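Okay, here's what each chain looks like letter by letter:
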Amino acid sequence: MVYECLVKRLDPQIEEETTIEINGIEFTGFADICPYEIEVGKSYPVSIGFTILDELTIHEIPVEKKEIERVDSGYEYYLRGLLQEDNIDAGLIFTDEDEYFNDFPELMNRTVEIKVDRISLEFLTTRTD
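Residues numbered from 1 in each chain as written. Predicted model: local features only at pLDDT ≥ 70, side-chain atom pairs only at ≥ 80, totals over all residues. Heavy atoms only, no water.

Enquirer: I'd like to hear about the packing of aromatic side chains, residue by residue, with values.
Expert: The tally for this structure, following the rule as stated, stands at six aromatic pairs. Ring pairing ties together the aromatic residues Y36, Y44 and F123, which thus form one cluster. (Phe/Tyr/Trp six-rings, centres within 6.5 Å; stacked < 30°, edge-to-face > 60°.)

Enquirer: So, unusual backbone geometry: which residues are in play, and what are the values?
Expert: Residue N23 is not a glycine yet carries a positive backbone phi of 50°. Here N23 shows up in the loop between β2 (17-22) and β3 (25-33). The exposure class of N23 is exposed, given its relative accessible area of 63%. The phi dihedral of N109 falls on the positive side, at around 65°, and the residue is not glycine. N109 sits in the exposed class, given a relative accessible area of 59%. (Helix = DSSP H or I, 4+ residues; strand = E, 2+ residues; numbered from the N terminus. Buried < 20%, exposed > 50% of the residue type's maximum accessible area, 1.4 Å probe, protein only.)

Enquirer: Report on the pattern of salt bridges, specifying residues and quantitative values.
Expert: A side chain with one charge may pair with a side chain of the opposite charge, provided their charged atoms come close. What the rule picks out here adds up to 12 salt bridges. Note that K8 is salt-bridged to E26, the shortest N-O span being 3.6 Å. With a gap of 18 residues between them, K8 in strand β1 (residues 3-10) and E26 in strand β3 connect regions that are remote in the sequence. Judged by relative accessible area, K8 falls into the partly exposed class, the value being 35%. For R80, the salt bridge is made with E69, and the minimal N-O distance between the two is 2.6 Å. Of this pair, R80 sits in strand β7 (residues 77-84) while E69 is found in strand β6 (residues 67-70), placing the two residues 11 residues apart along the sequence. Classification of R80 as buried rests on a relative accessible area of 9%. Under the relative-accessibility criterion, E69 is labelled partly exposed at 35%. (Salt bridge = Lys/Arg side-chain N within 4 Å of Asp/Glu carboxyl O.)

Right, here's the structure in full:
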């Protein structure tokens, strides 16, 4: 899914680290694909996903909720929401490009919590200035 994001912060030390806001939800991710220079205070089209470095941790939760929660001050996040075949709806749609969710058919269409190592950002070539 394509969202319009507002760039809130660019880390001067870690080039890919980018803090954005989408629909009032602010989080820090890594701009894995960014075909142009982005600037703080400007809006850009983006799609969001996630990166798992070791093993996916996923389990069903008893309460229907959609949220994105940062773990401590690092890059890990808990995504809580509705699991679907190729995404999780945690208030924002996170695409499962690596097909992790195919290994969990018993959790489809259920509310789950997954722990991701970082959020990935793809800034799209169609700009809106």
